[in-house]
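Given next are the chains, with one letter for each unit.
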Amino acid sequence: IFKDAKWIWISKQSEEINQYACFRKSFTVDKIYSESELYISSDTDFIVYINGMEAGRGQFPDYPSDKTYGRFSVGHLLTEGNNIIAVLAYYCGEDFSTYRKGEPGIKVAIKNDSGPICYTSGEWKCAMHPAFVSGKVPKLTVQMGFSVEFDAGKDDPNWIFSSFDDSSWNNAAVKNRQIKAMSPRPIKQLVHGKRTDAEIIISGEL
């Protein structure tokens, strides 16, 4: 599945705790196949977009030596010609009850009937997310991990679109990460469903 795909991160040496990183890569599709699929694995979590639309999210909480990957159907998001894939990746980097410390990185491959059409390499562009606070932040609890700090005034939501200029971003660093085998996540991804109707049945003051 991940033939030719590499583990990448913002730099080879960067293993600072609590990092939020953005990755982008443009690629060309000659013909659209409805069966096109995206495979992705990360340490620690991810949201992936294709042409500005969310394609999937949510890394299974695995172990550093026993990585799993998510699988998403993306044929409906691709267009003939130029496309852009963007990944918001999160790295925890400290042991908690819900996470075992591993190495930061993402690994991605998009395939269709004719073979791979996009995969992670040193040609991907990357930058730290400007709105999330990376590094040391307060912890929710010693079991649950770090809290999230986000400054919406520093956010640029256009980074997931092809029109965004990433010429000032650095190239991603290829990580020399040795994992003998990777497996599909053992339980299904969460899916977005319809909103459930609700109404207030009682109100008051505390």
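Our subject is the structure that appears above.
Here is what the cut-offs are and how they apply
Residues numbered from 1 in each chain as written. Predicted model: local features only at pLDDT ≥ 70, side-chain atom pairs only at ≥ 80, totals over all residues. Heavy atoms only, no water. Pairing = 2+ DSSP bridges. Helix = DSSP H or I, 4+ residues; strand = E, 2+ residues; numbered from the N terminus. Buried < 20%, exposed > 50% of the residue type's maximum accessible area, 1.4 Å probe, protein only. 1 Å grid on protein atoms, 1.4 Å probe; cavity = no way out; pocket = protein on both sides within 12 Å on 5 of 7 lines; lining within 4 Å. Points joined across faces, edges and corners; volume = space filled by probe spheres on them. Nonpolar A, V, L, I, M, F, W, Y, C, P; charged D, E, K, R; others polar.

(A) Region of interest: the sheet that holds strand E13 (residues 170–171). With respect to topology, six strands assemble into an open sheet ordered E5-E4-E7-E2-E10-E13, the strand pairing being antiparallel. Both outer strands of the open sheet, strand E5 (53–57) and E13, are each paired with one neighbouring strand and no more. Note that strand E2 (residues 19–29) and strand E10 (residues 125–128) share four bridges and pair antiparallel. Its bridge partner being in E10, Cys22 is matched across the sheet by Ala127.

(B) View of the pairing of E2. Buried residues dominate E2, accounting for nine of its eleven residues. Pairing between E2 and strand E7 (residues 81–91): eleven bridges, direction antiparallel. Looking at E7, one finds that Lys25 is bridged to Ile85.

(C) Examining the layout of surface pockets more closely. There is about 1,000 Å³ of room inside the largest pocket. Of the residues belonging to the lining of the largest pocket, the class tally is 21 nonpolar, twelve polar and eight charged.

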